[in-house]
Amino acid sequence: MEEEITLKDKKLLEKEEEIQKIKRELSQIREGSSTNKEQIPKQDKPTSPKETKAENMNDEKKEPSTPGSSEYSTFILNMLHSFGLQKTFSGHKKCVESIDYSIFDEGRFLCSGSSDKTVRIWDTNTAKQLKIFDGHSASVYCVKFSPYHYHNYHQKVIGFASGDKTICLWDFETTKVQALNGHDRAVRCIQFSPFNGGQYLCSGSDDNTICLWDTATHKSLNVFKAHTLGVWCVEFSPLQSANNKNVGAGIIGGTGYTLCSGSADNTIRLWDVETGKESIIFKGNTSTVRSVKYEPYGIGINGGGNAICSGSDDATVRLWDIRSGQANKIFKGHGSRVTCVEYLPFISSNISNIRVAGGNIICSGSVDKSICFWDIRNDKQLHKINNEISIFCLQFHPLNTMNTKKSHKEFTLCYGGGKGRIQFRRLICD
C-alpha cells in the first residue's frame, strides 16, 4: 500500500514539473522580444549624423516581423488567447447550418438558417431575434444578405437555399418572398457575385449542378455541369486587380472572375464565370468537400485569389495552388469532418511593426466541437478553441472600433452549430 502511494506521488510530481516547464516556455515566448533587444550590444563610439540618418532609413525599410520570430510568436499568442465568449443567440430548435452578417442603416444584423426549417434575423448588439421565416418544408442550408437589393433599392433582402429544392429572396421588412426554381434536388449553397453590385447569384445542389441566376429578373442564366455528385459549396473569386483592364467586360460583367465549387464527389472544380466552362479539377480529398474559400484580395500575386482553402469530411484543411492544381499544404488536427473554413481578416499591431495578413492564417470549424487556427507560412496549428457545440458555420465580423485611450482593432468570431446555438467571441488586437 505504501508503495502504491509513493508511485502516485511520484507521478503527480512529474506532472507538476511538466506543467511548470510549459509555463516557463510560454513566458520565454512572451518576453522574447524584450530579451532580444537587451542582448544587442551598445556601440562604444558615438554615431555621426550621417550614420544616424542611414540607420533611420534602414529602419524604415525593415520588413514586418516574420513567422518564427519571438515578436511574431508573442503577438499571435496574445491575439488568439484574447478570444472570450461574449454572446449566445438562442432560438433555433435544431442545428444552425449557416450564418451571414450585414450592416443596414447603421444597424448590425445577423441572419441564420437551420435544419429546423426556419430563417431568423438577429440584432447583433442586443442578441434579440427580430424576424422569423418558417415557410420552408425542409432544412435551410445556406443564408446570405443581398448587396444588390440594398444598394439599388434600399431593400433588406436575404437569399436562402433549402432542402425543398428552392432558393428564396425574402424582404424581411415587407415579408415579400420571391422563389427561384430550377434545381431538381436540395439546394446546399448560394453566393452573391462580387461584380455588378451582387446582381448575380450562384447555387449548388444535390442534383450535381451549379446554377447562375440574375436576381433582378429571377431567371437562370447558365447551368454548370461536371460534378458527379451533389455540390456542397460555391464561392466567387475575390475582386480582381485594378490593373486588369478586362474587368467589367463580357455578357454579365464577370470577365476575369472564376467560380469554385466543392462536392460530394471529393473534388474541387474551377469554372469560368462568363463561359461556364470548367478549367481545373483539384483532386486529393478522400471525402465530401464542404467548404471552399479563395485567398483574400491583395494577399497573393497579381491581386490575390491564387490559392483556395478547403475543408472536408476527411477531417483535413487543405490549401490548393491554382497555378499547379495541387494541394501544397494539408493541415491535420481535427478529429472529425471540417464543415467550414475562413481566412482571418487583416490585422495590424501597434507594436514592433507586426502586420498579420488575413491570407496567412486560416480558421476552421468542425463537428468535433473545435475551432482551429493555422499559420500557412509555418505550417502549424496556432491555437484551438474547444466548444460545447459542433461547429457548422463561422464568420469574422470586423468591428473596427477605436478607443481614445488605447487604439486597437476588434473582430467578432461568430459561429453556429449544434443545439441551435449561435455564439460570439470577440478578438482584440492591441
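Residues numbered from 1 in each chain as written. Predicted model: local features only at pLDDT ≥ 70, side-chain atom pairs only at ≥ 80, totals over all residues. Heavy atoms only, no water.

- For the chain, the name recorded in an unreviewed UniProt entry is Ribosome assembly protein 4 (RSA4), with Reticulomyxa filosa as its organism.

## Some points on the UniProt feature "repeat: WD" (unreviewed entry) in the chain
Link 1 in the chain: Per the UniProt record, the feature "repeat: WD" (unreviewed entry) sits at residues 89–132, 133–180, 180–223, 259–281, 282–330 and 359–384.
Link 2 in the chain: Secondary structure content for residues 259–281 is 0% helix and 61% strand, while the C-alpha to C-alpha distance between its ends is 12 Å. (UniProt positions renumbered as here; feature names shortened; annotations may be inferred. Helix = DSSP H or I, 4+ residues; strand = E, 2+ residues; numbered from the N terminus.)

## Structural notes on the sheet that holds strand β21 (residues 326–332)
Link 1 in the chain: Taken together, the four strands give an open sheet; going across it, the order is β18-β19-β20-β21, and neighbouring strands pair in antiparallel fashion. In this open sheet, the two edge strands, each paired with only one partner strand, are β18 (289–294) and β21. The mean inter-strand angle of the sheet, taken between neighbouring strand axes irrespective of direction, is 20°.
Link 2 in the chain: Pairing analysis gives five bridges linking strand β19 (residues 307–312) to strand β20 (residues 316–321), with the strands arranged antiparallel. Bridging across to β20, Ser310 finds its partner in Arg318. (Pairing = 2+ DSSP bridges. Axes fitted to C-alpha atoms, helices over the stretch in contact; angles between N-to-C directions.)

## A word on the sheet that holds strand β17 (residues 278–282)
Link 1 in the chain: Read across the sheet, four strands follow the order β14-β15-β16-β17 without closing on themselves; strand pairing throughout is antiparallel. Edge positions in the open sheet fall to β14 (231–236) and β17, since each of these has one partner strand only. Here the strands of the sheet are splayed against their neighbours by 20° on average, with no regard to which way each runs.
Link 2 in the chain: Across four bridges, the pairing between strand β16 (residues 268–272) and β17 is antiparallel. Each bridged residue has a counterpart across the sheet, and for Arg269 the counterpart in β17 is Ile281.

## Remarks on the packing of aromatic side chains
Link 1 in the chain: Across all of its chains, the model carries 19 aromatic pairs by this definition.
Link 2 in the chain: An aromatic cluster is defined as three or more aromatic residues linked by ring pairs; in this entry it consists of Phe104, Phe109, Phe133, Phe145, Tyr150, Phe160, Trp170 and Phe172.
Link 3 in the chain: Over the face of the ring belonging to Trp232 we find Arg290, whose NZ or CZ atom lies 4.4 Å from the ring centre. (Phe/Tyr/Trp six-rings, centres within 6.5 Å; stacked < 30°, edge-to-face > 60°. Lys NZ or Arg CZ within 6 Å of the ring centre and 35° of its normal.)

## Focus on the environment of Gly84
Link 1 in the chain: Position of Gly84 among the secondary structure elements: in strand β1 (residues 84–90).
Link 2 in the chain: Sequence separation of Gly84 and Phe424 is 340 residues, and the distance between their C-alpha atoms is 8.4 Å.
Link 3 in the chain: With sequence-adjacent residues up to four places away left out, Gly84 is seen in contact with Phe424, Arg425 and Arg426. (Contact = heavy atoms within 4.5 Å.)

## Some words on unusual backbone geometry
Link 1 in the chain: Even without glycine at this site, Lys117 takes up a positive phi of about 75°.
Link 2 in the chain: Structurally, Lys117 is set in the loop between β3 (107–114) and β4 (119–123).
Link 3 in the chain: Given a relative accessible area of 38%, Lys117 falls into the partly exposed group.
Link 4 in the chain: Positioned with a positive phi, His154 is a non-glycine residue whose angle comes to about 55°.
Link 5 in the chain: Topologically, His154 is positioned in the loop between α5 (147–153) and β7 (157–162). (Buried < 20%, exposed > 50% of the residue type's maximum accessible area, 1.4 Å probe, protein only.)

## Looking at the environment of Phe236
Link 1 in the chain: Following the sequence through the fold, Phe236 ends up in strand β14.
Link 2 in the chain: Between the C-alpha atoms of Phe236 and Pro194, which are 42 residues apart in sequence, the distance is 7.1 Å.
Link 3 in the chain: Leaving out residues up to four positions away in the same chain, Phe236 has contacts with Gln191, Phe192, Ser193, Pro194, Phe195, Tyr200, Cys202, Leu212, Thr258, Leu259, Val273 and Tyr294.

## Observations regarding the pattern of salt bridges
Link 1 in the chain: With the rule as written, the count across this model stands at 13 salt bridges.
Link 2 in the chain: In this structure, Arg269 and Asp265 form a salt bridge, with 3.6 Å as the shortest nitrogen-oxygen distance. Each member of the pair, Arg269 as well as Asp265, is classed as buried.
Link 3 in the chain: Two residues, Asp321 and Arg323, come together in a salt bridge whose shortest N-O distance is 3.4 Å.
Link 4 in the chain: Members of the salt-bridge network, linked through shared partners, are Asp105, Lys156 and Glu173. (Salt bridge = Lys/Arg side-chain N within 4 Å of Asp/Glu carboxyl O.)

## Points about the nonpolar core
Link 1 in the chain: Ranked by size, the top nonpolar core spans 16 residues in total, and within it Ile371, Phe373, Leu394 and Leu413 carry the most contacts.
Link 2 in the chain: Of all the elements in the fold, those that place two or more residues in this core are β25 (361–366), β26 (370–375), β28 (391–398) and β29 (409–417). (Core = buried A, V, L, I, M, F, W, Y, C linked by side-chain atoms within 4.5 Å.)

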